[in-house]
Amino acid sequence: MNWDQLRKNIRGRIVTAEDPAFETVKASMVWNEIKPDRSPDVIATVKDDDDVLTAVNFARENGLKIAVHGGGHTWCGLAVRNGGMTIDLSKLNESQIDKANRNAIIQPVISNQELAHRLSQYDLAFPIGHCPTVKASGYLLNGGMSWNLSEWGAACFSVFAIELVTAEGKKVKASATEHPDLFWAARGCGPGMFAVATRFHLKCYPLPKAITTSTYYYSLDDLKEVVEQVTELGWAMPSMVELSIFLIKAPPELANQCKKNKGKLCMISAVAFAYTKDEAEKALAILEQGSIVTKCLAKKLNEPSNFEKLSEVSGITWPEHHRNLCENQCSKAKPVDILLALRDKIIDAPSPKSVIVFCQSTGQHNLIETRPEVAFSMEGQSYGGAWAIWEKPEDDAANIKWQDETIAIIKTFTNMHYIGETDIVQDPARVQGSYTPEKWKRLESIRAKYDPEGLFFGYLGGIEK
Ligand SMILES: Cc1cc2nc3c(=O)[nH]c(=O)nc-3n(C[C@H](O)[C@H](O)[C@H](O)COP(=O)(O)OP(=O)(O)OC[C@H]3O[C@@H](n4cnc5c(N)ncnc54)[C@H](O)[C@@H]3O)c2cc1C
């Protein structure tokens, strides 16, 4: 392979398998400390859109399949494939913000926290994802299970155009009027994307200036009553409240009270994305109505927050530099049935860092509602899953077993999956289970139109081209 020709034509960095830095660069492509046993032939870290074009053309002309690396946050390290070229977009992190028209054009690899920070300078906000370091790139293509989901919807609903480089080496803009089929696919296709997205055009919202949180801690002995009442109260809350039920390790000050349940408890987190303090406090006060509230072990009410703080807190629950497994679902089943079935699993989790979380409906409508104009397909009154999180390789077997058993329980309630939060997208049934049959069929026909030769790797596993 004439790598020198590629090096000459690209402004960014080319690292091939023979390069001493290769293993380190490859490992940095995967956020999870569980690294895949796969290896590309070359990693092209691009500097601009022209570099992307050059890389795509080089790959096509030299018979190399393409994988794309945004922020590297897929649990199964999809940017690292066997052979071919990984196009690494990690240097593309600029943004232009238009306050007057409430929109922004961003390059792909801006983190949730950075995007929130930049927008807040203009009193704007966007439905970012929950953790600080996750990048817009893959998140938006997946659909985007965002903060304030019930009010703003999946993040991809607020993307009004995407600039891409296609397999045939064309720079195109996809929107409702230009390449509408590509635009439809790119909002939900996730790691099966068959073009390189270089810019996202975002519709932004006025910044909620009174983001406020209330947190309640309950014993797992009271789980049934808590979940029944909290989910019921959720329907009465405005949709700008994000309501989540965590099965999680107790904070140190409550550990003693939770000894019987091996230091685990149920935490209810309610975040109001309000514009005034009164509006926030009124919305959150609804959680004070249930009879269960008298049983809570501790509570923190009406704490002022903002997007950056929220993502910092999530970053503690889903920490960097750990070994991770993850699976999710949305469901029409009753949250109480799902969570009661999982109660013993969280108590017996081999790692105290593992967590089970389900977000609930507020605002008198289902938490997740899809739209015909996007490939993203999920619908359901709750969304959540299990995350096994641990540190040492010697604990792999115990944690993998726990995750497998927990997922087997969750599966019995599953309606549909999210393509963006899983470590098992090598299973064709799992990939297709993230879409309705109609949307899957359409997605595959659009892929065949834009990438007829299968230049892009696509989904991992049995349906990989
Ligand atoms: C700690 C943590 C928290 C998370 N929280 C949330 C959350 O709150 N909500 C949510 O929806 N998701 C969440 N996710 C999942 C997240 O959306 C996905 O992991 C997503 O893939 C991250 O994007 P990335 O660019 O970092 O991924 P990468 O691993 O870089 O990309 C994954 C795949 O997407 C495709 N891809 C990425 N960028 C491009 C591009 N520009 N052009 C073409 N193809 C591309 C490629 O196929 C690539 O292999 C979380 C993940 C983690 C690890």
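Numbering of residues starts from 1 in every chain and runs along the sequence as written. Note on the predicted model: pLDDT of at least 70 is required for a residue's local features to be given, and 80 or more for side-chain atom pairs to be given and counted; whole-chain, interface and lining totals, by contrast, use all residues. Think of the side-chain values as coming from all heavy atoms in the structure, minus any hydrogens and water.

1. Quick word on the domain arrangement of the protein
Part 1 of the reasoning: Structurally, the protein comprises domain 1 (3-88), domain 2 (95-206) and domain 3 (210-429).
Part 2 of the reasoning: Any two residues whose heavy atoms approach within 4.5 Å at even a single point are treated as in contact. The interface of domain 1 with domain 2 comprises 14 residues on the first partner and 17 residues on the second.
Part 3 of the reasoning: When the two sides are added together, the surface that domain 1 and domain 2 hide from each other amounts to roughly 1200 Å², 65% of it contributed by carbon and sulfur.
Part 4 of the reasoning: Buried surface area refers to the total accessible area, computed with a probe of radius 1.4 Å, that the two partners give up upon joining, counted for both partners together. Of all residues in domain 1, D49, L53 and H73 bury the most surface against domain 2, accounting for 39% of the area lost on that side.
Part 5 of the reasoning: Take a side-chain nitrogen of Lys or Arg and a carboxyl oxygen of Asp or Glu: if they are within 4 Å of each other, that pair is a salt bridge. Residue D49 pairs with R199 through a salt bridge whose shortest N-O separation is 2.5 Å.
Part 6 of the reasoning: We call two N or O atoms a polar contact when they sit within 3.5 Å, provided that within protein one can donate a hydrogen and the other can accept it, with sequence-adjacent residues counted only if both atoms are side-chain atoms. At the junction of domain 1 with domain 2, the criterion picks out five residue pairs in polar contact (both at pLDDT 80 or more).
Part 7 of the reasoning: The element that contributes the greatest number of residues to the side of domain 1 that touches domain 2 is helix α3 (residues 49-61), accounting for seven residues.
Part 8 of the reasoning: Split by residue class, the side of domain 1 that touches domain 2 holds seven nonpolar, four polar and three charged. Domain ranges listed in this record stem from an automatic or a database domain assignment. Secondary structure elements are taken from DSSP: a helix is a run of H or I of four residues or more, a strand is a run of E of two residues or more, and numbering for both begins at the N terminus. Under the scheme applied here, ten amino acids are nonpolar (Ala, Val, Leu, Ile, Met, Phe, Trp, Tyr, Cys and Pro), four are charged (Asp, Glu, Lys and Arg), and all others, including Gly, are polar.

2. Let's talk about unusual backbone geometry
Part 1 of the reasoning: In the Ramachandran plot, R102 falls in the positive-phi region, its phi being about 50° despite a non-glycine side chain.
Part 2 of the reasoning: Along the polypeptide, R102 turns up in the loop between β5 (95-98) and β6 (103-106).
Part 3 of the reasoning: When its relative accessible area of 45% is taken as the criterion, R102 is described as partly exposed.
Part 4 of the reasoning: You will see that N302, though not glycine, has its phi angle at about 50°, which is positive.
Part 5 of the reasoning: The residue N302 is located in strand β15 (residues 298-304) in this model. The buried label goes to any residue with under 20% of its type's maximum accessible area, the exposed label to any with over 50%, and the partly exposed label to all in between, with areas taken from a 1.4 Å probe on protein chains only.

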